[in-house]
Amino acid sequence: MEDASDRIISLPVEDRYHTALQSYKKIYNESIEEPVSFWEREANVIDWFRKWEKVLDDSNPPFYRWFVSGKLNASYNALDRHIQTGKRNKVAFIWVAENGDEKIVSYDGLYYRVNKFAKALLDLGIKKGDRIIIYLPMILEAPIAMLAASRIGAAFSFVFAGFGPSAIAERINDSKAKLVITADGSYRAGKVIKLKEIVDSAIAETSSVTTVIVAKRIGLEVQMQEGRDLWWDDLIPRGSTYVRPEEMDANDPLFILYTSGTTGKPKGVVHSTGGYSVWVANTMKWAFDPKDDDRWWCAADIGWITGHSYIVFAPLFLGLTSIIYEGAITYPAPDRLWEIVEKYRVNLFYTSPTAIRTLIRYGKKYPEDHDLKSLRVLGTVGEPINPAVWKWYFEVIGGSRTPIIDTYWQTETGGFVLSPSIALGLAPLKPGSATFPMPGIVPKILDENGNEVKDGKKGFLVLNKPWPGMFLTLNNEPDRFKEVYFNRFNAYYSGDYAVKDNDGYFWLLGRADEILKVSGHRLGTIEIEDAIISSNDVAEVAVFGRPDEVKGEAIIAFVVLKQGFDISGDIIYSLRQHVRETLGPIYVPDEIHLVNALPKTRSGKIMRRVVKAVFLNEVPGDISTLENSASVEEIRQAIELVKKEALR
Ligand code: PRX
């Protein structure tokens, strides 16, 4: 495997952050050498109705079970315990609308609304063990619905509000959900998104849904189907309402979040109630060291794991005050984020490299127009952060004062697994490195044969030991769970390339599989291929990523149309439209190229890697198994043509 040492740029930040590597190591070593006593202590970050009997049951790997027989409730931990301990007047969320409107809700206010909505769910017949789908934009009803579901013990599955009908239908069908919670519509960069309409077309492809709850966000006129569709506000019971939080087992599912895999069908990642809660609360505390009086802003969407863990659960478990921002980061102007940081004097700010790269393009003027001195810690997540982007973030946004907490993790890991940790002892940072493992995490870098590589060599990142936030399984697919993640290396395989440098710092080098990271969103190439094929005009397709300065990766599709199809200028537009309408706008290819054939193996498998290599002007590697080498030449010619067109 290639030598990746050129990625390693050592540039520690100011001396005052050169502290406490030893203190971090001490705690880390304890977590590995004495895991039982370590977790006995750290699990008290949340309240339990009944203490567990065993910290870890590892008798049936890889189905690890943490805090066996412990009983708890996530909504109780997010709300009730703060109300009882003098925090009822503390602000839980400051919600900022795209048009600047704001709503501020205290812990008591949130508790009141969650209880009301939980009662509404019970009145509809939803009960412990049921599955519900939430398809909501960034409005307060999103955390309220999540917490109400958790309160009554119904596992929710949140579908990102940027997904289209077929993505929603797939998730409804896999979870057999009876209930969908949505909104009339939402705003995105000033545009209206008709969410209820999208849900209606999704439900047409499903059979389990009997009820749709619709929250009113923008006052859009929507079709309400008699007997099925109900307005959120009409369901809220009058009078005082208290719903007793269900006693959930530590290993009862809290939620299922679907994520892209290497086959067309998304994977339903199932997270536990106990281990997950312990993990997100502790990792947030360790990495960011939030103080009681801080304002935290995780600028992700609630529909992705980042939002689940670090907008909703961890900050509420820790009793913090968070910002929730509804809209686009450059709307109405590219200083939107900095305006909010200044206005609400945000202390801890967490976003993605794509967001920073987008804003860098507008220059320093926008951040410099604002007072950002409230910021104490900056964080990043979702993709590798280029050292130059890291430095801009550190200098221009953080005023060279704030550490950058580069958190590496995944939907499957529940919370951070590699990250600098302020509370444990912040080692000197290196721009672009997620630094060291969180307590309990044992990362290794392996070669194709499963042997550890030397420091400085690129390899596959695996995690050798279970950790509390680890997902329980894949919904309905325990065999796929084993096969995808554990069979190859006999440890949890992340699907990422990484390298460890001589100082023990970890650097992430991108995905090693068929998954793309487009603007930090995790998209499966095969999902996009399936959508393109389903347009009926297409015989074959190969989708892959091309490096993109802002988005990380851009989506490229090479398409062979069906025989006899009349190639007109509109086909590319209609293919793009088709992907937009089925999967959603984030999946739309940036480029679609039409060719007569794609390179295939003798067994008929399309060689995506060869198309990609030719497209990127790289050596295609071993093509000895190619059935139709002429197609490689054709792709080359198609690309030449595109380049010429571009020059014209
Ligand atoms: O490739 C890694 C990348 O994002 C993938 C996980 O995507 P998802 O499940 O959508 O979760 C994203 C938010 C946690 C990983 O396999 N990734 C995530 N964080 C980083 C990263 N790559 C490099 N550095 C990071 N900090």
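Shown above is the structure to which this text applies.
Chemist: Is there a simple way to think about the overall build of the chain in this case?
Modeler: The helix and strand inventory of the chain stands at 19 helices and 30 strands. The C-alpha atoms of the chain give 24 Å as radius of gyration, which agrees with the globular expectation for 648 residues (26 Å, within 12%). Each principal axis of the C-alpha distribution contributes one length, and for the chain these read about 70 × 65 × 55 Å. When burial is assessed residue by residue, the chain has 60% of its 648 residues classed as buried. Look at the contacts in the chain between residues 6 or more apart in sequence, and 72% of them connect residues 24 or more apart. Total accessible area on the chain stands at roughly 25,700 Å², and carbon and sulfur atoms take up 47% of it. A gap of 3 Å separates the mean positions of the 78 positive and 85 negative side-chain charges of the chain.

Chemist: Just to check I follow, could you spell out the sheet that holds strand S30 (residues 591-594) for this structure?
Modeler: Taken in spatial order, the three strands line up as S28-S29-S30 in an open sheet, and their pairing is mixed. At either end of the open sheet lies a strand with only one pairing partner, and these are strand S28 (538-548) and S30. In this sheet, neighbouring strand axes are inclined to one another by 20 degrees on average, regardless of whether the strands run parallel or antiparallel. Here helix H16 (residues 525-533) sits on the sheet in contact with S28 and strand S29 (552-561), set at roughly 140 degrees to S28. Strands in contact with helix H17 (residues 570-582) are S28, S29 and S30; relative to S30, the strand with the most contacts, it is inclined by about 135 degrees.

Chemist: What exactly am I supposed to notice about the sheet that holds strand S25 (residues 506-511) here?
Modeler: Backbone-to-backbone hydrogen bonds pair the strands of a sheet. The strands run either parallel or antiparallel. In spatial order, the strands read S21-S22-S24-S25; together these four strands make up an open sheet with antiparallel pairing. Strands with a single pairing partner mark the edges of an open sheet, and in this sheet they are strand S21 (443-446) and S25. The mean inter-strand angle of the sheet, taken between neighbouring strand axes irrespective of direction, is 45 degrees.

Chemist: What should I look at first to understand the side chain of Arg608 in this one?
Modeler: If you trace the backbone, Arg608 turns up in helix H18 (residues 608-615). Residue Arg608 is classed as buried on the basis of its relative accessible area of 15%. Of the polar contacts made by the side chain of Arg608, one reaches the backbone oxygen of Val543; its length is 3.1 Å. Those residues in contact with Arg608, other than ones at most four positions away along the chain, are Glu514, Thr525, Ile526, Glu529, Ala542, Val543 and Phe544.

Chemist: Any chance you could explain the environment of Ser260 here in plain terms?
Modeler: If you trace the backbone, Ser260 turns up in the loop between strand S14 (253-259) and strand S15 (267-272). Counting along the chain gives 255 residues from Ser260 to Ile515, while the straight-line C-alpha distance between them is 7.3 Å. Ser260 has contacts with Lys267, Ile515, Arg522, Leu523, Gly524, Glu527 and Tyr587, leaving out every residue within four places of it along the chain. A polar atom in the side chain of Ser260 sits 3.2 Å from the backbone oxygen of Arg522. Here the side chain of Ser260 touches Glu527 through a polar contact of 2.4 Å, side chain to side chain.

Chemist: I'm lost on the pairing of strand S27 (residues 521-524) in this one. Help?
Modeler: Taken residue by residue, a regular strand's side chains alternate between the two faces of the sheet. Side chains His521 and Leu523 project from S27 onto one buried face, and the interleaved Arg522 and Gly524 project onto a second face that is buried too. Taken together, the four bridges between strand S26 (residues 515-518) and S27 define a ladder with antiparallel strand orientation. Each residue of the ladder has a partner; that of Lys517, found in S27, is Arg522. Linkage of S26 to S27, two consecutive antiparallel strands, is achieved through a turn of two residues, within which Ser519 is found at a positive phi near 50 degrees.

Chemist: Explain the pairing of strand S18 (residues 348-351) here, please?
Modeler: Of the two faces of S18, both are covered, the one formed by Leu348 and Tyr350 as well as the one formed by Phe349 and Thr351. Both S18 and strand S19 (residues 377-381) contribute to a ladder of four bridges, which runs parallel. Looking at S19, one finds that Tyr350 is bridged to Gly379.

Chemist: Could you clarify how one ought to interpret the site of the ligand in this entry?
Modeler: Around the ligand, 17 residues are found, and the nearest of them are Asp406, Thr411, Asp496, Arg511 and Arg522. Thr407 places a main-chain nitrogen or oxygen 2.7 Å from a nitrogen atom of the ligand. Between Arg511 and the ligand, the recorded distance is 2.7 Å, taken from a side-chain N or O atom to an oxygen atom. When the ligand is considered free in solution it has 530 Å² of accessible area, and contact with the protein chains removes 97% of it. Every element with two or more residues in the shell around the ligand is listed here: helix H10 (305-317), strand S20 (404-407) and S25. In the shell around the ligand, the residues fall into six nonpolar, five polar and six charged.

Chemist: For this particular structure, what's the right way to read the nonpolar core?
Modeler: Burial of nonpolar side chains together is a common tendency in soluble globular proteins. Ile181 and Phe313 are the most contacted members of the largest nonpolar core, which totals 190 residues. A total of nine residues in this core trace back to one element, the largest contributor, which is helix H9 (residues 274-288). In contact with Phe313, not counting residues within four places along its chain, are Ala74, Met146, Leu147, Ser150, Phe156, Leu254, Phe255, Tyr276, Val280 and His308. Counting residues in each nonpolar core, the second largest holds 17 residues, with Phe558, Val560, Val611 and Val632 among its members.

Chemist: Honestly, H10 in this entry has me stumped. Any pointers?
Modeler: For an α-helix, the turn length of 3.6 residues means that residues three or four places apart are oriented alike. When you tally the buried positions in H10, you get 13 out of 13 residues, the bulk of the element. Just downstream of H10, Gly319 is the residue with a positive phi angle, here 70 degrees.

Chemist: Looking at this model, I keep getting lost on the pattern of salt bridges. Mind explaining?
Modeler: Any two side chains of opposite charge can pair, on the condition that their charged atoms come close. With the rule as written, the count across this model stands at 40 salt bridges. Close ionic contact of Arg228 with Asp200 constitutes a salt bridge, the shortest N to O distance being 2.8 Å. Here Arg228, found in the loop between strand S11 (211-215) and strand S12 (229-231), pairs with Asp200, found in helix H7 (residues 195-203); they are 28 residues apart in sequence, far enough to count as distant. For Glu326, the salt bridge goes to Arg217, with nearest N and O atoms at 2.7 Å. A residue pair is termed long-range when its members are at least 10 positions apart, and Glu326 in the loop between strand S17 (321-325) and helix H11 (336-343) and Arg217 in the loop between S11 and S12 qualify at 109 residues. A relative accessible area of 3% places Glu326 in the buried class. Residues joined by salt bridges that share partners form a network here, namely Asp174, Lys265, Glu477 and Arg480.

Chemist: Explain the environment of Pro384 to me, please; I cannot follow it from the model alone.
Modeler: When you line up the elements, Pro384 lands in the loop between S19 and helix H14 (387-397). Between the C-alpha atom of Pro384 and that of Ala204, which follows or precedes it by 180 residues, the distance is 39 Å. Ignoring anything within four residues of it in the chain, the contact list for Pro384 reads Pro353, Arg357, Leu508 and Gly510.

Chemist: Is there a simple way to think about the packing of aromatic side chains in this case?
Modeler: Here the distance between the centres and the angle between the planes together describe a pair of aromatic rings. If you walk through the whole model with that rule in mind, you get 55 aromatic pairs. An angle of 50 degrees between the planes, with centres 6.2 Å apart, marks the rings of Trp39 and Trp286 as tilted. Of the two residues, Trp39 is situated in helix H2 (residues 35-42) and Trp286 in helix H9; the sequence distance between them amounts to 247 residues. On the basis of relative accessible area, Trp39 is assigned to the buried category, the value being 1%.

About the criteria used
- Residues numbered from 1 in each chain as written.
- Predicted model: local features only at pLDDT ≥ 70, side-chain atom pairs only at ≥ 80, totals over all residues.
- Heavy atoms only, no water.
- Helix = DSSP H or I, 4+ residues; strand = E, 2+ residues; numbered from the N terminus.
- Rg over C-alpha atoms; globule rule 2.2 N^0.38 Å.
- Buried < 20%, exposed > 50% of the residue type's maximum accessible area, 1.4 Å probe, protein only.
- Contact = heavy atoms within 4.5 Å.
- Areas by Shrake-Rupley, 256 points an atom, 1.4 Å probe, with all protein chains shown as cover.
- Lys, Arg positive; Asp, Glu negative; His and termini not counted.
- Charge placed at Lys NZ, Arg CZ, Asp CG, Glu CD.
- Pairing = 2+ DSSP bridges.
- Axes fitted to C-alpha atoms, helices over the stretch in contact; angles between N-to-C directions.
- Polar contact = N/O pair within 3.5 Å; in protein donor to acceptor, adjacent residues only side chain to side chain.
- Near = heavy atom within 4 Å.
- Nonpolar A, V, L, I, M, F, W, Y, C, P; charged D, E, K, R; others polar.
- Core = buried A, V, L, I, M, F, W, Y, C linked by side-chain atoms within 4.5 Å.
- Salt bridge = Lys/Arg side-chain N within 4 Å of Asp/Glu carboxyl O.
- Phe/Tyr/Trp six-rings, centres within 6.5 Å; stacked < 30°, edge-to-face > 60°.

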